[in-house]
Amino acid sequence: MKKFFIFCVAALAATAFTACEYDDSDLWNKVNGLEDQVADNTADIAALSALIDAMNNGKTITGVESTDEGYTLTFSDGSKVTLRHGKDGQNGTNGKDGADGKDGKDGDSIFESIEETDDEVIITLTDGRVIVLPKKKDYELRVLTFEDADYVGSEGSTYWSDFIPADGQYGNGHGSYSWYDEGNTELVFTPVMGDFGYFAGHAGVSNYVGTDWENEGNYMYDLQAYNVTGGHSGENFNTHFGYVDETSYGMNNTMPSFEFDDGVARVIDHMWVTNTTYVYNQLQAAGFGSTYVLGDESTYKIVAYGYNSFDEDAEPIASTEFYLLEKGKKFVTEWTKWDLSSLGEVVKVAFNLVGSEDMNGDYGLSVPGYFAYDDVAVRFKIED
């Protein structure tokens, strides 16, 4: 490549000297492009060497950062390497494709893609070869599955299933009970009392599922997860109800939450979320107090707030969102992973449900304040 670059420079220079009035700007643009390509390939080769060195010396990845150019990986010894994206082909000045023939062809980088999982980083080269590097962790994940088999208690316990109404949902299936994942994630939930003297924030364990949203999309089926065959893992899951109502008919001014019973701040890594049949129905058929019709700007989302204090006046330290309905009528209709790690180490996470302006009528939010969740994964630090 280097010899080819030198040859091109000499040839172009000779051409320029034989025609004093010739406009050689286009030729020099090509020369500069070749020079950039040589520099880019040199950087890619150096990056590839660093990856091979990491594999040979047992290094693990402690950080993955997305940049404008690609990704920067940080290794367990503190060293870093940047893997760049390929650059898109450019259009010619006459509006047609340039010499490369097509826009968007990432042919000038040896790195095709980078995929990050919980345990490793997978790097695919343009020739199909794959490099897999493990991630270093100082924690283990404990998962709240709502399955009896995972309950840390007496042998043969049906702790979680005992919360599920055995004879049907019958509306208001959410009980006023609390639950506690003792000895596992240490998460505990306590229902929230509403302003009118009744529980306005529930969390009902369930194994009810269905797809008939037109006939079963009402309060009589408020424990039903939509379009799934069971929990994300196993049969059981949890259905959340509750949100902050700021109208004069205010049902509740406190967001339902779960927290760590032992008071230790931890990172909640993720949870799996999907819609309930009740919500799926009501999003499409205008709810109580409103006559909205779903449009391209309609959204319905969960907002999670992380707290580092149990104080009632404490302000959240971070928040993150999950859309049950995105703009353009894109519904969540399957178990979907929600990354909560951006909240950081918290002692409590509170949840609110927020609809776009068209979903709020005279009586506040016109959509039922429900969602289903399962497999809440919590990071527990590994002691050295």
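Relevant structure appears above.
So, a few notes on the structure that sits alongside this text. (Residues numbered from 1 in each chain as written. Predicted model: local features only at pLDDT ≥ 70, side-chain atom pairs only at ≥ 80, totals over all residues. Heavy atoms only, no water.)

## Let's talk about the sheet that holds strand 5 (residues 120-125)
To keep things clear, this is the line we draw: Here the rule is simple: two strands pair whenever DSSP picks up at least two bridges between them. Secondary structure elements are taken from DSSP: a helix is a run of H or I of four residues or more, a strand is a run of E of two residues or more, and numbering for both begins at the N terminus. Angles shown run from 0 to 180 degrees and are taken between the N-to-C directions of axes, each axis being a line fitted to C-alpha atoms and, for helices, limited to the stretch in contact.
With antiparallel pairing, three strands are arranged side by side in an open sheet as 4-5-6. Edge positions in the sheet fall to strand 4 (111-116) and strand 6 (130-134), since each of these pairs with one other strand and no more. Across the sheet, the mean angle from the axis of one strand to that of its neighbour is 15 degrees, orientation sign disregarded.

## Quick word on the nonpolar core
Quick reminder of the rule: Take the buried Ala, Val, Leu, Ile, Met, Phe, Trp, Tyr and Cys residues and link them wherever side-chain atoms come within 4.5 Å; each set so joined is a nonpolar core. Each residue is assigned to one of three classes by its accessible area relative to the maximum for its type, calculated with a 1.4 Å probe on protein chains only: buried under 20%, partly exposed between the two thresholds, exposed over 50%.
Trp 179, Phe 258, Tyr 300 and Tyr 373 are the most contacted members of the largest nonpolar core, which has 51 residues in total. Counting residues in hydrophobic clusters, the runner-up holds 16 residues, among them Ile 61, Phe 75, Phe 111 and Ile 131.

## As for the environment of Ser 233
Put simply, the test is: Two residues form a contact once any of their heavy atoms are found within 4.5 Å.
Looking at the secondary structure, you find Ser 233 in the loop between strand 13 (225-226) and strand 14 (237-241). Residues Ser 233 and Phe 146, 87 residues apart in the sequence, show an inter-C-alpha distance of 9.2 Å. Non-local contacts of Ser 233, meaning those with residues more than four positions away in its chain, are made with Thr 145, Glu 147, Asp 374 and Asp 375.

## Looking at the pattern of salt bridges
Side chains that differ in sign of charge can pair as their charged atoms come close. As a reminder, the rule being used: Any carboxyl oxygen of Asp or Glu that lies within 4 Å of a side-chain nitrogen of Lys or Arg is treated as forming a salt bridge with it.
This structure, assessed with the given rule, holds twelve salt bridges. In this structure, Asp 119 and Lys 137 form a salt bridge, with 2.8 Å as the shortest nitrogen-oxygen distance. Taken together, the residues span a long stretch of sequence, with Asp 119 in the loop between strand 4 and strand 5 and Lys 137 in the loop between strand 6 and strand 7 (139-144) at a distance of 18 residues. Linking Lys 381 and Glu 345 is a salt bridge whose minimum nitrogen-to-oxygen distance equals 3.1 Å. With Lys 381 in strand 25 (residues 370-381) and Glu 345 in strand 21 (residues 345-346), this residue pair connects regions lying 36 residues apart in the sequence. The exposed category is assigned to Lys 381, whose relative accessible area is 58%. Overlapping salt bridges bring together Asp 53, Lys 59 and Asp 77 as one network.

## Overview of the packing of aromatic side chains
Just so we agree on the cut-off: Whether two aromatic rings pair depends on their centres lying within 6.5 Å, for rings of Phe, Tyr and Trp, where Trp uses its six-membered ring; planes under 30 degrees apart make the pair stacked, over 60 edge-to-face, and the rest tilted. Counted as over-ring charges are cases with an Arg CZ or a Lys NZ within 6 Å of the ring centre that also lie within 35 degrees of the ring normal.
Under the defined criterion, the tally for this structure stands at 22 aromatic pairs. The lysine or arginine in question, Arg 142, covers the ring of Phe 380, its NZ or CZ lying 3.9 Å from the ring centre.

## Description of the environment of Val 244
Looking at the secondary structure, you find Val 244 in the loop between strand 14 and strand 15 (257-260). Relative accessible area serves as the criterion here: at 22%, Val 244 is assigned to the partly exposed category. Residues Val 244 and Phe 351, spaced 107 residues apart in sequence, show a C-alpha to C-alpha distance of 9.2 Å. Setting aside anything within four residues of it in sequence, one finds Val 244 in contact with Asn 252, Asn 253, Thr 254, Met 255 and Asn 352.

## Brief notes about a nonpolar patch on the surface
Operational definition: A patch is a set of surface residues, each over 30% in relative accessible area and not in a salt bridge, joined within 9 Å for like charges and within 5 Å for the nonpolar side chains Val, Leu, Ile, Met, Phe, Trp and Tyr. In these tables, accessible area is a Shrake-Rupley quantity obtained with a 1.4 Å probe, and a residue counts as shielded only by the protein chains included in the view.
On the surface, Tyr 170, Tyr 219 and Met 220 cluster together into a nonpolar patch covering about 350 Å² of accessible area. For Met 220, the location among the structural elements is in the loop between helix 3 (213-216) and strand 13.

## Here we look at unusual backbone geometry
The phi dihedral of Phe 146 falls on the positive side, at around 65 degrees, and the residue is not glycine. Along the chain, the position of Phe 146 falls in the loop between strand 7 and strand 8 (179-180). A positive phi is found at Asp 375, a non-glycine position, where the angle reads about 50 degrees. Relative to the elements of secondary structure, Asp 375 occurs in strand 25.

## Examining the pairing of strand 1 (residues 61-66)
Every other side chain in a regular strand lies on the same face of the sheet, so the side chains alternate between the two faces. The pairing of strand 1 with strand 2 (residues 70-75) spans five bridges and is antiparallel. In the strand pairing of strand 2, Glu 65 is matched with Thr 72. Two successive antiparallel strands, strand 1 and strand 2, enclose a turn made up of three residues.

## Quick word on the sheet that holds strand 3 (residues 80-84)
Spatial strand order, 1-2-3: three strands in an open sheet with antiparallel pairing. Strands at the two margins of the open sheet, each flanked by one partner only, are strand 1 and strand 3. With direction set aside, neighbouring strand axes in the sheet form an average angle of 20 degrees. In the sheet, strand 2 pairs with strand 3 via five bridges, with the strands oriented antiparallel. Within strand 3, the position partnered with Thr 74 by the bridge is Lys 80.

## Side note on the environment of Arg 84
Using the following cut-off: Think of a polar contact as two N or O atoms within 3.5 Å of one another; within protein, one of them needs to be a possible hydrogen donor and the other a possible acceptor, and neighboring residues in sequence only count if both atoms come from side chains.
With respect to the helices, strands and loops of the structure, Arg 84 is situated in strand 3. Owing to a relative accessible area of 10%, Arg 84 belongs among the buried residues under this scheme. It is 5.1 Å that separates the C-alpha atoms of Arg 84 and Glu 69, two residues lying 15 residues apart in sequence. Here the side chain of Arg 84 touches Asp 44 through a polar contact of 3.0 Å, side chain to side chain.

## Some remarks on the side chain of Asp 269
Relative to the elements of secondary structure, Asp 269 occurs in strand 16 (residues 266-274). On the basis of relative accessible area, Asp 269 is assigned to the buried category, the value being 6%. A polar contact is formed between the side chain of Asp 269 and the side chain of His 270, at a distance of 2.7 Å. When neighbours within four sequence positions are excluded, Asp 269 is seen to be in contact with Asp 118, Tyr 139, Leu 141, Trp 338, Asp 339, Leu 340, Ser 341, Ala 377, Val 378 and Arg 379.

Take it as geometry only, folks, not as evidence of what the structure does.
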